[in-house]
Structures are given as structure tokens and as C-alpha cells.
Amino acid sequence: SYEQEVFYAAAKHLPVVADLSVLSSGIMVVVGPTGAGKTTTIAKLAARWCLQHGSQDLALVSTDGYRIGARDQLMTYARILGAPMHAANSGADLARVLDRLRSKKLILIDTAGMGPRDVRLTEQLAALKLGAARARVLLALPAQGEAHALEEIVQAFAPLTPAACVLTKVDEAASLGAVISTTLRHRLKIAYVCDGQRVPEDLHGAHQRRVWLVRAALALQEARPPARDEAYYARHFGRARSHA
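We now turn to the structure provided with this report. (Residues numbered from 1 in each chain as written. Predicted model: local features only at pLDDT ≥ 70, side-chain atom pairs only at ≥ 80, totals over all residues. Heavy atoms only, no water.)

1. Topic: the pairing of strand β5 (residues 136-142)
Thinking step 1. A large share of β5 lies buried, amounting to six of its seven residues.
Thinking step 2. As judged from the four bridges shared by strand β1 (residues 26-31) and β5, these two strands associate in the parallel manner. For M28, the partnering residue across the bridge sits in β5 and is R136.
Thinking step 3. In terms of handedness, the path from β5 via helix α6 (residues 147-157) over to strand β6 (residues 164-168) forms a crossover that is right-handed. (Buried < 20%, exposed > 50% of the residue type's maximum accessible area, 1.4 Å probe, protein only. Helix = DSSP H or I, 4+ residues; strand = E, 2+ residues; numbered from the N terminus. Pairing = 2+ DSSP bridges. Right-handed = clockwise from strand over helix to strand, strands pointing away.)

Listed below in C-alpha cells is the structure:
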């Protein structure tokens, strides 16, 4: 049927990272707005690594010196995993920390959550460019976000040239159309899908969830109530007058 053709075409063209091994070593920075789930995503990535390789070649780094207790959360995860956690307060500080950790096979860097219009964002981006120039960047995109907000997020973090994105909070989204459209428009590959708080179970490779994502997007779209635009109100108020 036509609907099936559209479905499979959408799944085929969904931009995903086919080989996640390219993102499972070296230095990885997770960036994104406040509340996008960056720290939890790092915990999931770290736990997945530990299950496969152990914790001896893993290190966690926090550059979030803004939020009270932000580093405590990452420290708790590091303690559970048996991996070291380091803090960096500037670009130069981050460079020194990464130099000390150069023997580690995977370094995951947590960053402060900042909105696209936060005046401190430019400072943070500059610090990451200075201190972690060789790092690959993962952009955390909250799946429940509206189209205009997601567009602002992608544009705000574009100077870091993200290697891919992570769709977070998929389980909280009433629609996936906006986040999928955003990745398509910017040709931003999806590396992982996060659909819950469990570590590491709720982290999935997007290449394995390609069809599931499109199917979920279509199901949510069909379940949504009709848009209440001008035509909607004209139609329903017209019926009300005719019965008055």
C-alpha cells in the first residue's frame, strides 16, 4: 500500500550511525540544553563500556561547574562503575586533565546544560574547543521538544560540529515528528535512542531502532487529536449555530 511505501521510505532515509564502534573509543563529549539527559546518557554509555571492557580504561570528566550537585551525580555513577571522575573548570584545565588521562581508551565528558540563548554558552563552546579539540561530540536532543526549540538547539551547538546526536526522553514524547524532521533537515545522524532512566538498559543503537522509531512516530501521529486551527473552529461553531 501507499502507506507502507511511505513508511519504508522514511525508515530507509532516517539518518543513523551504522557502526557505533567509531563512537566507543577516544574522547567523547556530550552536549545539549538543560534537562536533556546528558549525565544519564553518559552513565548509560559508561555502563555499556564497563560490561564489555571493564572499568580500568574508562574515565569520566565533568565540566559542569554551574549547577549545584551536578558533579555529585556523575561522581556517584563513577563510584558505582569503579571508574575515576575528574573535574575541569576551564578550557586549559580540561586540556590538562585529558593529557593526564591519555592512556585511557574511553573518556566521557559531561557538560553544563545551557539553553541556546544562555549568554554563557559561547564561553562553554570556546572552552570545549580549546580543551577537547580532538573529541567527538554527541548532541543530546530531547525527543519531546517542539520543532522551533529543537532547531535552536541544533543551531546553537553547530559550532562544535557534532558527530551525531542522541535522542533522549523518547518515552516522554507525545510526538516524534519534530525531532525526526530536525535530524533529517540538518543531516544529523542519530547514534543512540534513550527511552527511560534505567542504566544501561534504556540505551539503544539507533541503527537497530530505525524501523521502530518511524513506526512509533506514525503511531503517535495517528493518536494525536486533530489540530484546532481556524478551519476546525469554523466547522464546529458553524454546526453549533445550525443547531441553535
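2. Examining the sheet that holds strand β8 (residues 203-205)
Two modes of strand pairing occur in sheets, parallel and antiparallel, and in both the strands are linked by backbone hydrogen bonds.
Thinking step 1. The strand order across the open sheet built from eight strands is β3-β2-β4-β1-β5-β6-β7-β8, with neighbouring strands paired in mixed fashion. What marks the edges here is a single partner per strand, and that holds for β3 (85-87) and β8. For this sheet, the mean inter-axis angle between neighbouring strands, taken without regard to orientation, is 25°.
Thinking step 2. Bridge count for strand β2 (residues 58-62) against β3 is three bridges, and the pairing is parallel. Looking across to β3, one finds that L60 is bridged to M85.
Thinking step 3. Running at roughly 165° to strand β4 (residues 106-110), helix α2 (residues 38-53) makes contact with β1, β2, β4, β5, β6, β7 (190-194) and β8 of the sheet. (Axes fitted to C-alpha atoms, helices over the stretch in contact; angles between N-to-C directions. Contact = heavy atoms within 4.5 Å.)

3. Quick notes on the pairing of β6
Thinking step 1. When you tally the buried positions in β6, you get five out of five residues, the bulk of the element.
Thinking step 2. Residue alternation in β6 divides its side chains into two sets, A164, V166 and T168 and C165 and L167, and both sets are buried.
Thinking step 3. Taken together, the five bridges between β5 and β6 define a ladder with parallel strand orientation. By the bridge assignment for β6, L138 is matched with A164.
Thinking step 4. Inspection of the sheet shows β6 paired to β7 by three bridges, in the parallel sense.

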